[in-house]
Amino acid sequence: MALADDTIELPALRRLLEVIGGDRADLVELIDDFVGGAPELVAQMQAASSAGDIAALTRAAHTLKSNARDFGAVRLAAMCAELERASREGAVFDAPVSIAAIAQEEEKARTTLGALNVEDIEA
Amino acid sequence: VAYFQNRLKQSLGIERIAGGADFAVCVIDYLMPEMDGLELARAIRQEKGPATPPLILFSASTPSGADFRQKVAGMGFSAILTKPAKSRHLLKALSDAVRADAEGKAPAPEAKRQTTDAACRPDGTPLTVLLVDDNRIDQKVGSKILVSLGYKPDVVSSGEEAARACFAEHYDVVLMDIEMPDMDGIAATALIRQKLPKALQPYVVALTANAMARERERYLRSGMDDYLSKPLDVAALTASLRAATEFLADRGSGVWAHEMGDGIG
């Protein structure tokens, strides 16, 4: 199958399906977890940024990066990785701007994943 | 009980078995010169056909390859015993084999149970694994991978919980995420290294989504035994767990040594 755009890279989902043992119900469960949990991580970034809590910002960016990678949301993962790196090095100058861009990409990834038919993913 | 130690005697053994000597059970060493345990089993089966007594494979090395175990199960062995065998394990294998034979079925309970890819302890059970990760999705992914490989992982969400779990219970392997709030993987490992006696130390594998070579050195220096990057690669994880088995066996894991204490091999 083809996705409307390149927000989600299917090979990553194929790989995920394979490593967890090939059960599509498990993959659906994981996608649901990501779709359900990603907005909360973005909200944590926003709150951490407003509060000037660099450690919390680094952590939320790190977690969303890791999860985005698992599900093939490569652009989202790259944006989070960049924010995590900058935050870790204490070099975040435009956190609200970065986070707004991440929020947009996160919504796209979530929508794409939510609309995905896992039956179409080849094992 | 009759003992046959080499090929000549094995041939005699086959002749004795073929000639009508009825053994209730044959315990066969795996690694023997000239004719190994599997060949001997095949020869006995050829001679005796349906009258073949229950066969138990006795092996010094824990059979690890899935195809090896399938082969063993396929040859109708009732059980695989690892040397040195605890007397009660041998007794159980013997009584299970005889009982199954008497009931007219030829199940291979031990051999079948082991048809997974899991790296095993000397008693044939999978390594005990603790997975430590604060990321819920990574917890789930990691634990599904481990379950699909035949392990029964325990899962905790923080460095403190990891240390507490290791003090309460023995784990052969701890898969330890590095980046966790409060007590991170490095601090948790340091605490475990500091508090537990050497013989009870788990094999600790660092997990991280920040894969950089210089970081790897730091993990190894801080007491971790191996390093895997996330997303987890099944082949790399499998290799690391195999390495853990060898490491623990070489060191003589305290827990394993205790289990092998009343061995007869």
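Rules of the game
Residues numbered from 1 in each chain as written. Chains lettered and ligands numbered in written order. Predicted model: local features only at pLDDT ≥ 70, side-chain atom pairs only at ≥ 80, totals over all residues. Heavy atoms only, no water. Helix = DSSP H or I, 4+ residues; strand = E, 2+ residues; numbered from the N terminus. Contact = heavy atoms within 4.5 Å. Areas by Shrake-Rupley, 256 points an atom, 1.4 Å probe, with all protein chains shown as cover. Pairing = 2+ DSSP bridges. Axes fitted to C-alpha atoms, helices over the stretch in contact; angles between N-to-C directions. Parallel < 35°, antiparallel > 145°, perpendicular 65-115°, else oblique. Core = buried A, V, L, I, M, F, W, Y, C linked by side-chain atoms within 4.5 Å. Buried < 20%, exposed > 50% of the residue type's maximum accessible area, 1.4 Å probe, protein only. Buried area = accessible area lost by both parts, 1.4 Å probe. Salt bridge = Lys/Arg side-chain N within 4 Å of Asp/Glu carboxyl O. Polar contact = N/O pair within 3.5 Å; in protein donor to acceptor, adjacent residues only side chain to side chain.

1. Some thoughts on the overall build of chain B
Turning to step 1, where the next piece is worked out: When its secondary structure is counted, chain B shows 11 helices and 8 strands.
Turning to step 2, where the next piece is worked out: Of the contacts formed within chain B by residues at least 6 apart in sequence, a portion of 64% connects residues at least 24 apart.
Turning to step 3, where the next piece is worked out: Here chain B displays about 12600 Å² of accessible surface, and carbon together with sulfur accounts for 54% of that area.

2. What to know about the overall build of chain A
Turning to step 1, where the next piece is worked out: The helix and strand inventory of chain A stands at 5 helices and 0 strands.
Turning to step 2, where the next piece is worked out: The linear arrangement of helices and strands in chain A, starting from the amino end, is α-α-α-α-α.
Turning to step 3, where the next piece is worked out: Contacts spanning at least 24 positions in sequence make up 70% of the contacts within chain A whose residues lie at least 6 apart.
Turning to step 4, where the next piece is worked out: Here chain A displays about 5800 Å² of accessible surface, and carbon together with sulfur accounts for 51% of that area.

3. Re the sheet that holds strand β7 (residues 203–208) of chain B
All names here are of chain B.
Turning to step 1, where the next piece is worked out: On the basis of which strands lie adjacent, the open sheet formed by 5 strands has the order β5-β4-β6-β7-β8 and parallel pairing. Whereas interior strands pair on both sides, the edge strands pair on one side only; in this sheet they are β5 (154–156) and β8 (226–229). With strand direction ignored, the average angle separating the axes of adjacent strands in the sheet is 20°.
Turning to step 2, where the next piece is worked out: Relative to β7, strand β6 (residues 173–177) runs parallel, the two being bridged by 5 bridges. Residue pairing for β7: V173 is matched across the bridge by Y203.
Turning to step 3, where the next piece is worked out: Running over the sheet, helix α9 (residues 213–221) touches β7 and β8 and is turned about 140° from β8.

4. As for the environment of A:T112
Turning to step 1, where the next piece is worked out: Position of A:T112 among the secondary structure elements: in helix α5 (residues 95–115).
Turning to step 2, where the next piece is worked out: For A:T112 and A:T7, which are 105 residues apart along the polypeptide, the C-alpha to C-alpha distance reads 7.3 Å.

5. A short note on unusual backbone geometry
Residue and element names in this part refer to chain B.
Turning to step 1, where the next piece is worked out: The residue after K230, namely P231, is reached through a cis peptide bond having omega 0°.
Turning to step 2, where the next piece is worked out: Here P231 lies in the loop between β8 and α10 (234–251).
Turning to step 3, where the next piece is worked out: Backbone geometry at D182 places phi at a positive 60°, although glycine is not the residue there.
Turning to step 4, where the next piece is worked out: Following the sequence through the fold, D182 ends up in the loop between β6 and α8 (185–195).

6. Focus: the packing of helix α2 (residues 24–51) of chain A against α5(A)
Residue and element names in this part refer to chain A.
Turning to step 1, where the next piece is worked out: Closest axis-to-axis distance for the α2/α5 pair is 10 Å, and the angle between their directions is 170°. Taken together, the axes of α2 and α5 lie roughly antiparallel to each other. On α5, the residues that touch I31, F34, V35, A38, P39, V42, M45, Q46 and S49 of α2 are A95, P96, I99, I102, A103, E106, R110, L113 and G114.

7. With respect to the nonpolar core
Residue and element names in this part refer to chain A.
Turning to step 1, where the next piece is worked out: Counting 59 residues, the largest nonpolar core has M45 and L64 as its most contacted members.
Turning to step 2, where the next piece is worked out: For this core, the element with the most residues is α2, which contributes 9 residues.
Turning to step 3, where the next piece is worked out: Once residues within four sequence positions are removed from consideration, M45 is found in contact with L57, A60, A61, L64, C80, L83, I99 and I102.

8. Considering the pairing of strand β1 (residues 26–29) of chain B
Across a regular strand the side chains alternate sides, sitting on one face of the sheet and then on the other.
Residues and elements named next belong to chain B.
Turning to step 1, where the next piece is worked out: On β1, burial follows the alternation: C26 and I28 on one face are buried, whereas V27 and D29 on the facing-out side are not.
Turning to step 2, where the next piece is worked out: In this sheet, strand β2 (residues 55–59) lies alongside β1 in parallel orientation, the contact comprising 4 bridges. Residue pairing across strands places D29 opposite F58, the latter belonging to β2.

9. Some thoughts on the interface of chain B and chain A
Turning to step 1, where the next piece is worked out: At the junction of the two partners, chain B supplies 17 residues and chain A supplies 21 residues.
Turning to step 2, where the next piece is worked out: Interface area, chain B with chain A, both sides summed: about 1700 Å², of which 54% is carbon and sulfur.
Turning to step 3, where the next piece is worked out: The largest per-residue losses of area from chain B upon contact with chain A belong to B:I137, B:K144 and B:P231, which jointly make up 34% of the total buried on that side.
Turning to step 4, where the next piece is worked out: The interface formed by chain B and chain A contains 4 salt bridges.
Turning to step 5, where the next piece is worked out: Across the salt bridge formed by A:D26 and B:K144, the nearest N and O atoms sit 3.0 Å from each other.
Turning to step 6, where the next piece is worked out: Counting the contacts that link chain B with chain A gives 9 residue pairs in polar contact (both at pLDDT 80 or more).
Turning to step 7, where the next piece is worked out: For the side of chain B that touches chain A, the element with the highest residue contribution is helix α6 (residues 136–149) of chain B, accounting for 7 residues.

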